[in-house]
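# Fold and geometry: a report
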Amino acid sequence: MNGENGKRDADEKALKARLENLSGALDARRRQDEAQKAQEKASIPGGETGKAMSLGFRVLSEFVAGVIAGGVIGWLLDKWFDTSPLFLLVVGALGTAAGFMNVYRIAAKPTSPGSGGPEIGKQ
Amino acid sequence: MATPGNAIDPIHQFEVNKIVPIKIFGVDASFTNSSLFMVIILGIVALVMVYGTRKRSVVPDRLQSAAEMAYEFVANTVRSTAGDHGMKFFPLVFSLFMFVIVANVLGLVPYTFTVTSQIAVTFALAALVIGTVIVYGIYKHGLHWFKLFVPSGVSPILLPFLVLIEVISFVSRPISLSIRLFANMLAGHITLKVFAGFVVMLVGAGAWAPLSILPVAAIVGLTAFELLVAVLQAYVFAILTCVYLNDAIHPGH
């Protein structure tokens with residue numbers, strides 16, 4: 001009876017120690033992440049305005065580039081196969097979709113595997 | 001803008017002039033003012049990096065700390081974006097970053113030529129990046145690399161369309177990479193020149209001359225803004241290079 005109680009006590013103690021250990025590691029990890037984030041923030045010149053502007057310009061250029069790429073590919077295919085304007089319309093539409101996809105990708109997920117993309121995806 | 005001499009022409013600064021005409025097998029390979037400034041840029045980068053790191057003192061002087069900060073900044077960017085495997089490409093990313101940032105900042109000095117305001121230059125840089133991505137991706141992963149274009153967990157009816165869209169999206173990468181840098185630099189420099197033109201026009205307009213202080217103030221603000229854009233665009237170019245290289249190193253997600 002007494003031995004069982006002692007065993008339980010020891011178990012609980014070990015569990016508590018493990019828990020503390022884990023939460024300590026978690027805290028350390030969080031602090032490290034925060035420090036890294038702060039460093040990233042500090043290392044970008046111009047701060048918030050510049051970051052927002054570069055994100056805006058990035059979205060714009062990604063979208064436009066998708067449309068241009070689709071249009072040019074379609075136009076070239078038309079020129080080769082003499083099917084104007086079939087491919088221009090079809091691939092141009094696909095290119096617009098690709099532009100939207102580019103923008104969606106910027107908005108939807110952080111670009112980096114680790115800390116969540118230094119310049120985007122913080123909103 | 002057609003009148004010669006005193007005309008205000010905001011596009012004139014982007015003209016490429018031949019300094020030493022060279023022709024190799026009918027290809028025009030002349031040494032232009034653009035090439036001259038590229039050489040100057042390389043000289044500045046080499047000076048900062050080689051001369052700055054020569055002493056290797058524990059307490060760095062100004063040039064050494066500039067070189068060290070540039071190294072640490074790019075190394076952190078590469079590590080956080082492309083992972084530790086990405087450090088293989090650190091020399092490429094660092095060279096691109098230094099070239100672009102020095103070209104952008106040097107272009108803000110009056111009477112200089114802004115190399116990065118030429119789409120031929122920025123597209124060549126972007127093509128280099130995408131070429132590296134494709135060659136390294138296929139070299140490292142073989143045909144598996146093409147899984148990059150096949151999104152997972154999509155119904156088979158939609159799959160062909162999505163693959164096509166992914167391919168176009170990949171093709172659009174060098175375009176967006178080059179257009180963003182080129183357009184930012186071009187637009188900024190034209191804006192500065194147009195505002196400077198307002199100053200000249202107002203000064204020459206008799207009673208309106210006192211108003212010319214307004215565009216001057218605007219130019220002061222715009223120059224600071226352009227400095228921000230110049231640095232930021234170099235940073236964005238470097239970070240997107242890392243993002244694209246990440247696709248070559250770890251495809252398929």
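Anyway, here's the lowdown on the structure attached to this text. Predicted model only: the values in this text are computed from it and were never measured. (Residues numbered from 1 in each chain as written. Chains lettered and ligands numbered in written order. Predicted model: local features only at pLDDT ≥ 70, side-chain atom pairs only at ≥ 80, totals over all residues.)

Quick look at the overall build of chain B now. Helices and strands together make up the secondary structure of chain B, namely six helices and four strands. If one aligns the C-alpha atoms of chain B with their principal axes, the spans along those axes are about 70 × 55 × 45 Å. Within chain B, the fraction of its 253 residues that count as buried is 30%. In chain B, the proportion of contacts linking residues at least 24 apart, taken out of those at least 6 apart, comes to 62%. (Helix = DSSP H or I, 4+ residues; strand = E, 2+ residues; numbered from the N terminus. Buried ≥ 20, exposed ≤ 12 C-beta atoms within 10 Å, placed from the backbone. Contact = placed C-beta atoms within 7 Å.)

Residues and elements named next belong to chain B. Of note, Ile119 is situated in helix α4 (residues 119-141). As a C-alpha pair, Ile119 and Val194 span 75 residues in sequence and 21 Å in three-dimensional space. In this structure, Ile119 is in contact with Ser178 and Phe182, ignoring residues within four places of it in sequence.

Residue and element names in this part refer to chain B. Where helix α1 (residues 33-52) contacts helix α2 (residues 62-82), the axes come no closer than 8 Å and their chain directions differ by 110°. Between α1 and α2, the crossing angle belongs to the class labelled roughly perpendicular. Along the contact surface, α1 presents Val48, Met49, Tyr51 and Gly52, while α2 presents Leu63, Gln64, Ala66 and Ala67. Of the residues belonging to the contact of α1 with α2, the class tally is six nonpolar, two polar and no charged. (Axes fitted to C-alpha atoms, helices over the stretch in contact; angles between N-to-C directions. Parallel < 35°, antiparallel > 145°, perpendicular 65-115°, else oblique. Nonpolar A, V, L, I, M, F, W, Y, C, P; charged D, E, K, R; others polar.)

Bringing the nonpolar core into the picture now. Residues Val93, Phe97, Val100, Phe237 and Ala238 of chain B are the most contacted members of the largest nonpolar core, which totals 56 residues. When residues of this core are traced back to their parent elements, those giving at least two are α2 (47-81) and α3 (86-108) of chain A together with α1, α2, α3 (90-107), α4, α5 (159-203) and α6 (213-249) of chain B. The greatest single-element share of this core, amounting to 15 residues, is contributed by α6 of chain B. Not counting chain neighbours up to four residues away, the residues in contact with Val100 of chain B comprise Thr116, Leu181, Ala234 and Phe237 of chain B. (Core = buried A, V, L, I, M, F, W, Y, C linked by C-beta atoms within 7 Å.)

With that settled, consider α5 of chain B. Between its terminal C-alpha atoms α5 of chain B stretches 63 Å, which fits the 66 Å expected from 45 residues at 1.5 Å a residue. The sharpest bend along α5 of chain B comes to roughly 30°, located at Ser172 of chain B, with the proline Pro174 of chain B sitting one to four residues further on. (Expected span 1.5 Å × (residues − 1). Bend = angle between axes of the 7 residues up to and from the residue.)

What follows covers the packing of α3 of chain A against α5 of chain B. Taken N-terminus to C-terminus, the directions of α3 of chain A and α5 of chain B make an angle of 70°; their axes are 8 Å apart at the nearest point. Taken together, α3 of chain A and α5 of chain B sit at an angle that is classed as roughly perpendicular. The residues of α5 of chain B that touch α3 of chain A, namely those facing Leu94, Gly95, Ala97, Ala98, Met101 and Asn102 of chain A, are Leu164, Ile165, Ile168, Ser169 and Ser172 of chain B. Among the residues forming the contact of α3 of chain A with α5 of chain B, the class breakdown is seven nonpolar, four polar and no charged.

Residues and elements named next belong to chain B. An ideal rise of 1.5 Å per residue puts 33 Å on 23 residues; α4 measures up with 32 Å between its terminal C-alpha atoms. Every buried residue belonging to α4 is among Val121, Thr122, Leu125, Ala126, Val129, Val133 and Gly137, and all of these are buried. Along its buried surface, α4 packs onto α3, α5 and α6. Positive phi shows up at Gly142, right after α4, with a value of about 65°.

Next up on the list: the environment of Glu72 of chain B. Following the sequence through the fold, Glu72 of chain B ends up in helix α2. Note: C-alpha distance between Glu72 of chain B and Pro215 of chain B (143 residues apart in sequence) is 39 Å.

A few words now on unusual backbone geometry. Residue and element names in this part refer to chain A. A cis geometry characterises the amide bond from Ser84 onward to Pro85, with omega recorded as 0°. Among the secondary structure elements, Pro85 is positioned in the loop between α2 and α3. Here Asp82, not a glycine, exhibits a phi torsion of approximately 60°, which is positive. In this structure, Asp82 sits in the loop between α2 and α3.

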